[in-house]
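# Notes for the structure review
Spelled out, the chains give:
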Amino acid sequence: AKNLRYKTKIAVIGAGQAGLSAAYHLKKAGMEIGRDFIILDEAPLPGGAWQFRWPSLTLSTVNKIHDLPGMSFEETLVTDETAVRANVSVPHYYDLYEKKFSLQVYRPLKVEKVFLRENRFYIDTTQEVLFSALGIINATGTWESPYIPEYPGAALFQGEQLHTKDFKTADYFQGKHVIVVGAGISAIQLLDQISKVTTTTWVTRRPPDFKVGPFDDMAGHHAVALVEARVRQGLPPLSVVSVTGLPVTPAIKEMDRRGVLKRLPMFSEITKDGVKWEDGRTERADVILWNTGFRSALAHLDPVLPKEENGGIRMTGRLATMVAKEPRIHLVGYGPSASTIGANRAGGAAARELLKTLDE
Ligand code: FAD
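## Notes on the overall build of the protein
Scanning the protein for helices and strands turns up eight helices and 20 strands. On C-alpha atoms alone, the protein measures out to a radius of gyration of 21 Å, which is about the 21 Å that the 2.2 N^0.38 rule sets for 360 residues. By principal-axis analysis of the C-alpha atoms, the protein measures approximately 60 × 45 × 40 Å. By the burial criterion, 49% of the 360 residues in the protein qualify as buried.

This is how it looks when you write it as structure tokens:
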């Protein structure tokens, strides 16, 4: 039994864009932090997953960071040369945001398991504390759940298998032949950088879906609507890129000119020293870099989250943040709200709806 126990009304798990937005709205509704609600986060510092992004991800290579409610990102930008780095500027913004609205976060504190006893959710952590709450706003993002598909022979490979999450700098790959897997934005950006310092082979499951012309709001709304419709039916969410396609940027045109966009279909097996295709063709590799995405980090909720037969979670509520079969749990930054703008709005909807549910 844990020695330290804290009772509260609402536990917000995760302090990224989604968790901070939810916390802001709880406070605005009159909830007192530390008494009526708490925020828990396993990361050492403010910044959500942004603190772990690779150094070459800059404000010009991210899509767009939308403002949290009540404070503009723009105003917090510092002007030294590191400020363009997303892993510096976004954590700096969240840090100032937490201070401005006095949103004290318990960190680093990893939530391991949430379970129900007599109508209270018990939140077990890696430390000597056990929290209990009447409702949960879960905002744990995806960074802690990298996804790598299974291929025969993976265990035989004597080179290195890395995921997007492990990428730090392209220089690390100098002198190595790198197989870059994936057709998303991260795959393209890392392929671009790595192919400037070494040889690469690009493989994707489906031909990449390049979209010429500007990526407008309409395309964004359409993508979000599709993902929202899926989670309302209890289907697992899809990545946004699978719905919107890849906008053709000047960087992509330049990659095409350099000849690094010659894409091959997925290999069928991994060998000791490379990969092999169905037709018998082989390719040697020192590294396989899997840019195959992330899944929602929800394992800690397994005991309390009702799942559909296909493993999905049926969502409801104004912005589809409410778990249909357990309305005391909201998922923000999940499915249609897995973007800074989506997470932002979802935090507000979740705070209001959960307070209403608990009042009833
Ligand atoms: P996160 O920022 O991941 O925050 C989740 C928090 O939960 C973390 O602080 C983590 O420590 C904590 N946590 C996780 N598990 C636990 C646990 N068990 N116990 C306690 N704490 C836990 N979106 C955009 O809108 N624009 C972009 O330009 C953009 N660029 C992106 C680039 C990359 C490379 C990636 C991977 C994603 C990008 N996204 C972008 C999507 C982005 O992840 C979301 O927009 C948004 O930042 C996610 O916010 P979040 O609060 O849901 O999650």
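## Here's the deal with a nonpolar patch on the surface
Taken together, the side chains of L4, Y6 and Y106 make up a nonpolar region of the molecular surface, amounting to roughly 270 Å² of accessible area. Relative to the elements of secondary structure, Y106 occurs in the loop between helix 3 (86-100) and strand 4 (111-117).

## Quick look at the sheet that holds strand 10 (residues 200-204)
An order of 8-17-9-10-13 is seen for the five strands of this open sheet, with the pairing classed as parallel. Two strands lie at the open edges of the sheet, namely strand 8 (160-163) and strand 13 (263-265), each paired on one side alone. The mean inter-strand angle of the sheet, taken between neighbouring strand axes irrespective of direction, is 25°. Here strand 9 (residues 178-181) runs beside strand 10; their pairing, made up of four bridges, is parallel. Each residue of the ladder has a partner; that of V180, found in strand 10, is W202.

## Some remarks on the sheet that holds strand 4
Note: strands within a sheet are paired through backbone hydrogen bonds, in either parallel or antiparallel orientation. An order of 1-6-5-4 is seen for the four strands of this open sheet, with the pairing classed as mixed. Looking at which strands have only one partner, the edges of the open sheet turn out to be strand 1 (4-7) and strand 4. Along the sheet, successive strands turn relative to each other by an average axial angle of 20°, direction set aside. Note: strand 4 against strand 5 (residues 120-125), six bridges, orientation antiparallel. The residue bridging L116 from the neighbouring strand is F121, located in strand 5.

## Section: the packing of aromatic side chains
Here the structure, examined in full by the defined rule, presents 18 aromatic pairs. On the basis of an interplanar angle of 25° and a centroid distance of 5.9 Å, the ring pair of Y151 and W290 is categorised as stacked. Here Y151 is found in the loop between strand 7 (135-138) and strand 8, whereas its partner W290 is found in strand 17 (residues 287-290), with 139 residues between them in sequence. Given the relative accessible area of 19%, Y151 is considered buried.

## Structural notes on the layout of surface pockets
Its volume calculated, the second largest pocket comes out at about 160 Å³. If you trace the second largest pocket, you find it lined by L59, V62, N63, K64, I65, D67, F73, E74 and L77. Considered class by class, the residues forming the lining of the second largest pocket number five nonpolar, one polar and three charged.

## With respect to the site of the ligand
The full set close to the ligand counts 27 residues, and D41, N63, K64, V111 and T340 are the nearest of them. One of the backbone N or O atoms of A49 is found 3.0 Å from an oxygen atom in the ligand. At 2.8 Å from a nitrogen atom of the ligand is found a main-chain nitrogen or oxygen belonging to V111. Considered on its own, the ligand offers 990 Å² of accessible surface; in the complex 90% of this is hidden by protein. A per-class count over the shell around the ligand returns ten nonpolar, eleven polar and six charged.

About the criteria used
Residues numbered from 1 in each chain as written. Predicted model: local features only at pLDDT ≥ 70, side-chain atom pairs only at ≥ 80, totals over all residues. Heavy atoms only, no water. Helix = DSSP H or I, 4+ residues; strand = E, 2+ residues; numbered from the N terminus. Rg over C-alpha atoms; globule rule 2.2 N^0.38 Å. Buried < 20%, exposed > 50% of the residue type's maximum accessible area, 1.4 Å probe, protein only. Patch = residues over 30% accessible without salt bridge, like charges linked within 9 Å, V, L, I, M, F, W, Y side chains within 5 Å. Areas by Shrake-Rupley, 256 points an atom, 1.4 Å probe, with all protein chains shown as cover. Salt bridge = Lys/Arg side-chain N within 4 Å of Asp/Glu carboxyl O. Pairing = 2+ DSSP bridges. Axes fitted to C-alpha atoms, helices over the stretch in contact; angles between N-to-C directions. Phe/Tyr/Trp six-rings, centres within 6.5 Å; stacked < 30°, edge-to-face > 60°. 1 Å grid on protein atoms, 1.4 Å probe; cavity = no way out; pocket = protein on both sides within 12 Å on 5 of 7 lines; lining within 4 Å. Points joined across faces, edges and corners; volume = space filled by probe spheres on them. Nonpolar A, V, L, I, M, F, W, Y, C, P; charged D, E, K, R; others polar. Near = heavy atom within 4 Å. Polar contact = N/O pair within 3.5 Å; in protein donor to acceptor, adjacent residues only side chain to side chain.

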